[in-house]
Structures are given as C-alpha cells and as structure tokens.
Amino acid sequence: LLHSTKNGSSAGSTRLPRQSSESSQKNKPCEHVIDCGDIVWSLAFGSSVPEKQSRCVNIEWHRFKFGQDQLLLATGLNNGRIKIWDVYTGKLLLNLMDHTEVVRDLTFAPDGSLILVSASRDKTLRVWDLKDDGNMMKVLRGHPNWVYGCAFSPDSSILCSVGASKAVFLWDMDKYSMLRKLEGHHNDVVACEFSPDGALLATASYDTRVYVWDPHIGVILREFGHLFPAPTPIFAGGANDRWVRSVCFSHDGLHVASLADDKMVRFWRIDEEYPVQVAPLNNGLCCTFSTDGSVLAAGQDGSVYFWATPSQVSSLQHLCRMAIRRVMPTSQVKNLPIPCKVLEFLCYQI
C-alpha cells in the first residue's frame, strides 16, 4: 500500500517538511484567511512571466503590474463570481462577474500569460486576460449541460473541457474554436488532465472508467477500469459505488492516479492494465501530484491525505520520447522516416 499521512488538526498529525531557503523565506506569505463571501468551488494559482506579451494593446495602461514574484489565487464561487487575490498580501485584485451559475473549475495557461479559463454550470467556459484588468476575451459554447472541469495542454495551445455529457471537448486556444469532440465514455465525464509532454490526455467518468487518449487524433490508447467485469453501456451509470471522481498525471508521464467511490485510490502505470498500488480512502473527491511527483494528495469531506508515491527512475527511452513529444504532435511524428516499432513507441502505442 502507498504510505499515507493525514493533514488534520490533531497535535500528533504528521506534517510534510517545509523547504527553507533565503528566497522562500523572503517571499513567504504570512498566514491569513481570505473571506470570499460565498462558497468556494474551485481554486487556481497563477503567476506571470514579465516578458510574456499580453493580448491587450499596451499593458502599461492598466491598473496592475504583474511581476515574477507575485503569486495570484483565483477563487470560483457559488454565485458565479471569480475573485482574484494577491496571495502574499491577501488583497483583492479583481472581481470577475459574468457567469450566472457555480464556477466549477478554474485553470491558468501554463505559459505565464495570466490567461484564465473558467468552467461553470451555466454550460459555458470563459476566457479572461488578467493582465488586461480581467477582460473577458471569449465565451466557449458547445456543452449541452454543466461543465465540470477544464485543463490546458502544457504548451497552452489546447484546452480540454468535460462536463455532464459523454463527450470530451478540445478547443484551439489560438482561434478559440472547437478542435474536436472525443467520444467513447458512457456517462458524465468529470475530470481531465494532459500528460507533461502533451501527448496524452486522461479523462475520468461516472461510467467507472479512466481513458487515456491521444488528443491529437482522438484515439483511446488505454482503458483503466474500476469495476470488473466492466458494465455494459446501458448500465454504465448504474454502479454508483464505482463512479470515478478524479484523475491526475504524474510528472514522469508514466503514471496516473485515480480516485473512485469504491473507497480506493489507485496508482497506475500507463502501460499496464492493473494498478501498481492501491490505498483506502473514504469519500474521496479530488487528487493531485506534487510538482516532483513524490507525493500524491487526495481531498475528502474535511481532510487531505498524503501518500509517498513509489520512487522510480524513468528510462532514457521514455525521457527521449517525452522530449520529442513536447514539440511534435502525432501527425508530425508519423511522418518521421523511422522504423515502425520506434514510431509506435513515440505514439504511446506500445
């Protein structure tokens, strides 16, 4: 079993060691509570790269100057508002008002441009430019029902969104247009995340499955089942005690974690059919890996549990594959003059 600790209020609870350095102490925020004024449904941290160009005409005309040492927190609220805070001071910077229902998820573009995307129960995704005083740049429509979650590809060019329908939506974030729908799930899709190299996309659904896709061509490469035998499509939503709630990719690109209603956390290798490790967890709702992948955190109704993940060294083959796939989509890889087996490996087909 994965070794776990619980983050609670008891005096004997185990805490993860906090890294200490001059830089971290200098910018270390003081402890404070931010009153958002409503139920908080979603959170996202964001920070800017100073030389990254904003999409607005002239950033110097605007109210806020975003530096590399500034850390922002976006909070999605029950009333449809999004509030942007300065983490180090607790100051409210922006109050974004356009959604009409709960803001279910938030995600910042990884390129440091401070582009924020929000997913809401009002069936829309909205794109905001925080460097342009939080100007709403685009409304992405296409979901027939609630939108549960969204995730950027590592190069910020593609956005994935999932919701209360069986389809997975991919959006071109340069043109703000729909790229394609990925169809294969048999019930609501509730979570999604790209692999670190952007070559894979993991989605979790109430149909008791996690799919790993090639998002560039819309093909399912792996299926991780949480109920055996797998339910037939007509009963895919009937096993309420097996609904998958969350999925996340590890930094090594070889492992994913999933959390389901069967009171288990599973740790999978993308090239194996069965989980590598499992751990018990009641009423789990969400999970995520630490930056270096050594810790898996899972949240439930009131507590956060931490697991030390099995330490493994990636092969040189896989590291080379990730380096190539960070800059080359599947269509370009398939045009390379290389042997078929190498091609299949680069496309994660073996």
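In this text the structure is predicted, and so the values were computed from the model without any measurement. (Residues numbered from 1 in each chain as written. Predicted model: local features only at pLDDT ≥ 70, side-chain atom pairs only at ≥ 80, totals over all residues. Heavy atoms only, no water.)

1. Comments concerning the overall build of the protein chain
Next, step 1: Along the protein chain, the regular secondary structure elements total four helices and 24 strands.
Next, step 2: Per-residue burial for the protein chain yields a buried fraction of 48% across its 350 residues.
Next, step 3: In the protein chain, 48% of the contacts between residues at least 6 apart in sequence involve partners at least 24 apart.
Next, step 4: Here the protein chain displays about 17700 Å² of accessible surface, and carbon together with sulfur accounts for 52% of that area. (Helix = DSSP H or I, 4+ residues; strand = E, 2+ residues; numbered from the N terminus. Buried < 20%, exposed > 50% of the residue type's maximum accessible area, 1.4 Å probe, protein only. Contact = heavy atoms within 4.5 Å. Areas by Shrake-Rupley, 256 points an atom, 1.4 Å probe, with all protein chains shown as cover.)

2. Side note on the nonpolar core
Buried together is how nonpolar side chains tend to be arranged in soluble globular proteins.
Next, step 1: Membership of the largest hydrophobic core comes to 18 residues, with the highest contact counts inside it found for Leu200, Val247, Val256, Ile270 and Tyr348.
Next, step 2: Within the residue set of this core, elements represented by two or more residues are strand 15 (201–205), strand 16 (209–214), strand 17 (219–225) and strand 18 (244–249).
Next, step 3: Element by element, the count of residues in this core is highest for strand 18, at three residues.
Next, step 4: If near-sequence neighbours (up to four positions away) are discounted, Leu200 is found in contact with Glu193, Phe194, Ser195, Val212, Trp213, Pro215, Leu221, Phe249, Ile270 and Tyr348.
Next, step 5: Counting 16 residues, the second largest nonpolar core, distinct from the first, contains Ala119, Val147, Cys150 and Phe169. (Core = buried A, V, L, I, M, F, W, Y, C linked by side-chain atoms within 4.5 Å.)

3. As for the UniProt feature "repeat: WD" (unreviewed entry) in the protein chain
Next, step 1: Per the UniProt record, the feature "repeat: WD" (unreviewed entry) sits at residues 66–95, 96–138, 140–181, 182–214 and 244–278.
Next, step 2: Secondary structure within residues 182–214 divides into 0% helix and 58% strand; the distance between the first and last C-alpha atoms comes to 10 Å. (UniProt positions renumbered as here; feature names shortened; annotations may be inferred.)

4. Looking at empty space enclosed by the protein
Next, step 1: Taken as a whole, this structure holds one cavity of 30 Å³ or more when the rule is applied.
Next, step 2: When its volume is computed, the largest cavity comes out at roughly 30 Å³.
Next, step 3: Considering the residues around the largest cavity, the lining is formed by Leu200, Val212, Leu221, Arg222, Ile270 and Tyr348.
Next, step 4: Class assignment for the residues of the lining of the largest cavity results in five nonpolar, no polar and one charged. (1 Å grid on protein atoms, 1.4 Å probe; cavity = no way out; pocket = protein on both sides within 12 Å on 5 of 7 lines; lining within 4 Å. Points joined across faces, edges and corners; volume = space filled by probe spheres on them. Nonpolar A, V, L, I, M, F, W, Y, C, P; charged D, E, K, R; others polar.)

5. Let's talk about unusual backbone geometry
Next, step 1: The phi dihedral of Leu114 is positive, around 60 degrees, even though this residue is not glycine.
Next, step 2: Here Leu114 is to be found in the loop between strand 6 (103–108) and strand 7 (115–120).
Next, step 3: A residue is classified by how much of its surface remains accessible, and Leu114, at 2% relative accessible area, is buried.
Next, step 4: Not every positive phi belongs to a glycine, and Thr208 is a case in point at roughly 75 degrees.
Next, step 5: Residue position: Thr208 is located in the loop between strand 15 and strand 16.
Next, step 6: Taking relative accessible area as the criterion, Thr208 reaches 1% and is therefore assigned buried.

6. Re the sheet that holds strand 20 (residues 264–269)
Next, step 1: Taken in spatial order, the four strands line up as 18-19-20-21 in an open sheet, and their pairing is antiparallel. One side of each edge strand has no neighbouring strand; the edge strands of this open sheet are strand 18 and strand 21 (277–280). Neighbour-to-neighbour, the strand axes of the sheet open up by a mean angle of 15 degrees, direction not taken into account.
Next, step 2: Examined bridge by bridge, strand 19 (residues 255–260) and strand 20 share six bridges and lie antiparallel to one another. Across the sheet, Ala260 pairs through a bridge with Met264, a residue of strand 20. (Pairing = 2+ DSSP bridges. Axes fitted to C-alpha atoms, helices over the stretch in contact; angles between N-to-C directions.)

7. Here's the deal with the sheet that holds strand 3 (residues 72–77)
Next, step 1: Taken in spatial order, the four strands line up as 2-3-4-5 in an open sheet, and their pairing is antiparallel. The open sheet is flanked by strand 2 (40–46) and strand 5 (92–97), the only strands paired with a single partner. Averaged over all pairs of adjacent strands, the angle between strand axes in this sheet comes to 20 degrees, irrespective of strand direction.
Next, step 2: Two elements, strand 2 and strand 3, share six bridges in a ladder whose sense is antiparallel. By the bridge assignment, Gly46 is partnered in strand 3 with Leu72.

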